[in-house]
Amino acid sequence: YTVNLTLDSEHTEKQADVYDVSNGSVYVTDLYVTYGGVQYKTNDLGYVITGTSTENIVNLDSATKLPPVTLKNLDIKMSNSATPINIMGNVDITIDGNCTLRSMMGNAISVKNSYSNNPQPTIKSTETNPLANLLDVQGGIGANAVNTEANTKLTITGVPTNLTAVTGTAVGGDGEFITDSKTYINIAENCEHFAGEWDNSLPEENKKMIEKSIAQYCGKAKKDLPELRKKYQNNKYVTEILSSYSF
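Now for a quick tour of the structure. It should be emphasised that the depicted structure is a prediction, and the values quoted were computed from it without experimental measurement.

Definitions and cut-offs
- Residues numbered from 1 in each chain as written.
- Predicted model: local features only at pLDDT ≥ 70, side-chain atom pairs only at ≥ 80, totals over all residues.
- Heavy atoms only, no water.
- Patch = residues over 30% accessible without salt bridge, like charges linked within 9 Å, V, L, I, M, F, W, Y side chains within 5 Å.
- Areas by Shrake-Rupley, 256 points an atom, 1.4 Å probe, with all protein chains shown as cover.
- Salt bridge = Lys/Arg side-chain N within 4 Å of Asp/Glu carboxyl O.
- Helix = DSSP H or I, 4+ residues; strand = E, 2+ residues; numbered from the N terminus.
- Buried < 20%, exposed > 50% of the residue type's maximum accessible area, 1.4 Å probe, protein only.
- Pairing = 2+ DSSP bridges.
- Axes fitted to C-alpha atoms, helices over the stretch in contact; angles between N-to-C directions.
- Disulfide = S-S within 2.5 Å.

1. Notes on a nonpolar patch on the surface
At step 1: Taken together, Met104, Met105, Ile141 and Val166 make up a surface patch of nonpolar side chains, about 370 Å² in accessible area.
At step 2: Relative to the helices and strands, Val166 resides in the loop between strand E16 (161–165) and strand E17 (169–172).
At step 3: Judged by relative accessible area, Val166 falls into the partly exposed class, the value being 41%.

Next comes the structure, spelled out in structure tokens:
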């Protein structure tokens, strides 16, 4: 008897592409990826960018939304005015591990409106053990840790973030920057506003509206403040903001 056996080739599940900045800068676009001067195909599953460098950068550049990007234990400390990460489009970025972004004389993270598409990129932590991750961002001399151009918005949520600058500011530019603490500020300021509006001589309808708003905003402000103080206890920038509130 003759028995013929056919073995299936090993199934390889497609994964995100990994790029190490130790070996070259990474330029991600919606058409191709340039890494170390060589062009590669795009990957719908996204990209993992890792490694350590003092001369290579990351550009996320697209008029449309890019596939997701993970910064995994990324350490870029530029010794010149170059910006470690330039974002010129919509992209969801995940921080995995401890990531450090520093520039000696420039911004550390820049969000630019190069295509007039008003990009609103987001940065978040990995879902597994998020507080084990850290984003340390330092701008250079006369520059900012985070710089957002007009009509752009960067949202950092769920990841402990340290923002500093050598002689500049933590956050600068004409765009919008949102963190957990900034969301809290909006809630706290609404609480203080409506509490200041209360007057026993107001019509009953107005008093009910104010009471409802006070319950909505002040209740959450009181509940969230201790949690945020604990979460950002090692973040001087956020701690200073939260220190002005007491509920």
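2. Concerning the side chain of Thr94
At step 1: Tracing the backbone through its elements, the reader meets Thr94 in strand E9 (residues 92–96).
At step 2: Look at Thr94 and you get buried, because its relative accessible area is 15%.

3. Section: the pattern of salt bridges
At step 1: For the structure shown, the criterion picks out 8 salt bridges.
At step 2: Across the pair Arg102 and Asp136 runs a salt bridge, and its minimum N-O distance is 2.9 Å. In this pair, Arg102 sits in strand E10 (residues 98–103) while Asp136 sits in strand E13 (residues 134–139), placing the two residues 34 residues apart along the sequence.
At step 3: Look at Arg102 and you get partly exposed, because its relative accessible area is 27%.
At step 4: Across the pair Lys223 and Asp224 runs a salt bridge whose closest N-O atoms are separated by 3.8 Å.
At step 5: Note on Lys223: relative accessible area 52%, which makes it exposed.

4. Considerations on the sheet that holds strand E3 (residues 33–35)
At step 1: One open sheet accounts for 8 strands, arranged E4-E3-E2-E6-E8-E11-E14-E17; its pairing is mixed. At either margin of the open sheet sits one strand with a lone partner, and together these are strand E4 (38–40) and E17. Neighbour-to-neighbour, the strand axes of this sheet turn through a mean angle of 10°, independent of strand direction.
At step 2: Looking at chain direction, strand E8 (residues 85–88) and strand E11 (residues 109–111) are connected through 3 bridges and run parallel. Within E11, the position partnered with Asn86 by the bridge is Ser110.

5. Some points on the state of the cysteines
At step 1: Per the stated rule, a full pass over the model turns up 1 disulfide.
At step 2: Across a sulfur-sulfur distance of 2.0 Å, Cys191 and Cys218 are joined as a disulfide pair. Taking the sign of the S-S torsion, about 100° here, the bridge from Cys191 to Cys218 comes out right-handed. Residue Cys191 is found in helix H1 (residues 180–197), and its partner Cys218 is found in helix H2 (residues 204–231); the two are separated by 27 residues along the sequence.

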